[in-house]
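One-letter residues, chain by chain:
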Amino acid sequence: MTLVEYHCEITMSTTLLPARHLIELPSHPSAASTARRRVIASLLEWGCPRDGEVHYMLGVIVSELVTNAVTHAGRQTPRILVTVRLDDRAVRIGIRDNHADRLQRRAPSLCATDGRGTVIVEALLDEYGGRLSTEMHDDGKTIWAEVPSRLFACR
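Presented here is a report on the structure given in the accompanying data block. Just so it is clear, the structure is predicted and the values come from calculations on it, not from any experiment.

Cut-off values and rules
Residues numbered from 1 in each chain as written. Predicted model: local features only at pLDDT ≥ 70, side-chain atom pairs only at ≥ 80, totals over all residues. Heavy atoms only, no water. Core = buried A, V, L, I, M, F, W, Y, C linked by side-chain atoms within 4.5 Å. Buried < 20%, exposed > 50% of the residue type's maximum accessible area, 1.4 Å probe, protein only. Helix = DSSP H or I, 4+ residues; strand = E, 2+ residues; numbered from the N terminus. Contact = heavy atoms within 4.5 Å. Salt bridge = Lys/Arg side-chain N within 4 Å of Asp/Glu carboxyl O.

**Overview of the nonpolar core**
In step 1: By size, the foremost hydrophobic cluster in this structure holds 37 residues, and its most contacted members are Val66, Val82 and Ile93.
In step 2: Of all the elements in the fold, those that place two or more residues in this core are β2 (19-26), α1 (31-45), α2 (52-73), β3 (79-86), β4 (90-97), α3 (117-127) and β6 (140-148).
In step 3: With ten residues, the single largest contributor to this core is α2.
In step 4: Once residues within four sequence positions are removed from consideration, Val66 is found in contact with Ala31, Ala32, Ala35, Ile80, Val82 and Ile95.

Here it is in structure tokens:
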């Protein structure tokens, strides 16, 4: 059994919003479930109520984006950085890796067992009024998923 380590940095102002957590994870298949749990824990720490549907949606998005980073950038990215930001407009989740290619949408065959993650993420974000964007860096990229904060009713 592999023990997955994570590092979490909490940055909060004297007012509740904006708030930010940074979660550093090894590029390992178990990173997706760890990231999902830590993102939901961040929201709960910030006073967001438990909402099964919204938390499930966000968990799927985080899992898919972290899995993409591990699968496609894993050899170039020993550690993945997950950023969780909350302000009065949105909850933003950023997944940073060291791979310079933009997120690619592909049409998998009907028999394929993978390749649908980005389509699923975009469909969920469309349904909830969110958006997906890419921020390029000299040493890689950050994929940002943004969901309106009104869905979370945080205090």
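On we go.
**A word on the pattern of salt bridges**
Where charged atoms from two side chains of opposite charge approach closely, those side chains can pair.
In step 1: Here the structure, examined in full by the defined rule, presents six salt bridges.
In step 2: For Arg79, the salt bridge identified is with Glu24, shortest N-O distance 2.9 Å. Taken together, the positions of Arg79 in strand β3 and Glu24 in strand β2 put the pair 55 residues apart, joining distant regions of the chain.
In step 3: According to the relative accessible area criterion, Glu24 is partly exposed, its value standing at 27%.
In step 4: As a salt-bridge pair, Asp87 and Arg92 come within 2.7 Å of each other at their nearest N and O atoms.
In step 5: Salt bridges sharing common partners tie together Asp87, Arg92, Arg131 and Glu146.

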